[in-house]
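An overview of the molecular structure
The chain contents come next:
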Amino acid sequence: QVQLEESGGGLVQAGGSLRLSCAASGRTFSSFDMGWFRQAPGKERDFVAEITSGGRTIYTDSVKGRFTISRDNAKNMVYLQMNSLKPEDTAVYYCSAGTTWTKVRIGRGDYWGQGTQVTVYS
């Protein structure tokens, strides 16, 4: 069993930065592939970024060059550094953990957090 808790969301002006954190419980954290998703009002939850257990990273096109996903296995943490934020980045951001990178990538992760709100104003 893995429990995930996101933090770091907030209100930020366009062009600004935020760093989201996802704290994971469980001793097998390092073996999980981890992802970030987001859901804007009235829209489906969309993939943002993923980092595999081996450290490989994958990003959706709209955030490439602006967002960076990273992990610290010693602290059971995953981060999403978000720079050059745009109003269209406004959403609830969710952390996900899965046993395979494909499951995480398609939104079928085994575990999910409750989400953290990010609001970007112009």
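First, a word on scope: everything that follows refers to the structure included in this document. (Residues numbered from 1 in each chain as written. Predicted model: local features only at pLDDT ≥ 70, side-chain atom pairs only at ≥ 80, totals over all residues. Heavy atoms only, no water.)

**Things to note about the overall build of the protein**
The test is simple: Helix and strand labels come from DSSP, where a helix needs a run of H or I of at least four residues and a strand needs a run of E of at least two; each type is numbered from the N terminus. Two things to know: the radius of gyration comes from C-alpha atoms, and the globule rule equals 2.2 Å times the number of residues to the power 0.38. Relative accessible area decides the class of each residue, using a 1.4 Å probe on protein chains only: under 20% of the type maximum gives buried, over 50% gives exposed, and in between gives partly exposed. Residues are treated as being in contact if the distance between any of their heavy atoms lies within 4.5 Å.
Assigned secondary structure in the protein consists of one helix and eleven strands. In the protein, the succession of helices and strands from N to C terminus is β-β-β-β-β-β-β-β-β-α-β-β. Here the protein has a C-alpha radius of gyration of 13 Å; the compact-globule value for 122 residues is 14 Å, and the two agree. Considering only C-alpha atoms, the protein reaches an extent of 40 × 25 × 25 Å along its principal axes. A total of 122 residues make up the protein; the buried ones form 45% of that total. Taking the contacts inside the protein whose residues are at least 6 apart along the sequence as the reference set, 57% of them involve residues at least 24 apart.

**Regarding the packing of aromatic side chains**
To be explicit about the condition: Between the rings of Phe, Tyr and Trp (Trp by its six-membered ring), a pair exists once the centres lie within 6.5 Å; its type follows the angle of the planes, with under 30 degrees stacked, over 60 edge-to-face, and the other angles tilted. Note on criteria: charge over ring means Lys NZ or Arg CZ within 6 Å of the ring centre, with the direction from the centre no more than 35 degrees off the ring normal.
Tallying each qualifying case throughout the model produces three aromatic pairs. Ring geometry for Phe37 and Phe47: centres 5.6 Å apart, planes at 75°, overall edge-to-face. Of this pair, Phe37 sits in strand 4 (residues 33–39) while Phe47 is found in strand 5 (residues 45–51), placing the two residues ten residues apart along the sequence. Each of the two residues, Phe37 as well as Phe47, counts as buried. Counting every residue linked through ring pairs, the aromatic cluster contains Phe37, Phe47 and Trp112. A cation over an aromatic ring shows up here: Arg19 above the ring of Tyr79, its NZ or CZ 4.2 Å from the ring centre. Directly above the aromatic system of Phe29 lies the positively charged group of Arg71, at a separation of 4.8 Å from the ring centroid.

**Observations concerning the side chain of Glu50**
Which entries qualify depends on this criterion: In summary, the charge assignment counts Lys and Arg as positive and Asp and Glu as negative, without counting His or the chain termini. Each salt bridge in this description consists of a side-chain nitrogen of Lys or Arg and a carboxyl oxygen of Asp or Glu lying within 4 Å of one another.
Along the chain, the position of Glu50 falls in strand 5. With no salt bridge to any partner, buried Glu50 finds its closest opposite charge in Arg105, at an N-O distance of 5.5 Å. Aside from chain neighbours lying at most four places away, what touches Glu50 is Asp33, Met34, Gly35, Arg56, Thr57, Ile58, Ile69, Trp101, Val104 and Arg105.

**Observations concerning unusual backbone geometry**
Phi angles above zero are rare outside glycine, and Asn76 is one such case at about 55°. Within the secondary structure, Asn76 is located in the loop between strand 7 (67–72) and strand 8 (77–82). With relative accessibility at 19%, the residue Asn76 sits in the buried group.

**Quick notes on the sheet that holds strand 7**
Spelled out, the test is: Only when DSSP finds a minimum of two bridges between them are two strands counted as paired. Angular values range over 0 to 180 degrees, each being the angle between N-to-C directions of two axes fitted as lines to C-alpha atoms, with helices fitted over their stretch in contact.
Pairing is antiparallel across the open sheet formed by four strands, whose spatial order is 1-3-8-7. One side of each edge strand has no neighbouring strand; the edge strands of this open sheet are strand 1 (4–7) and strand 7. Direction aside, neighbouring strands of the sheet carry axes that sit 15° apart on average.

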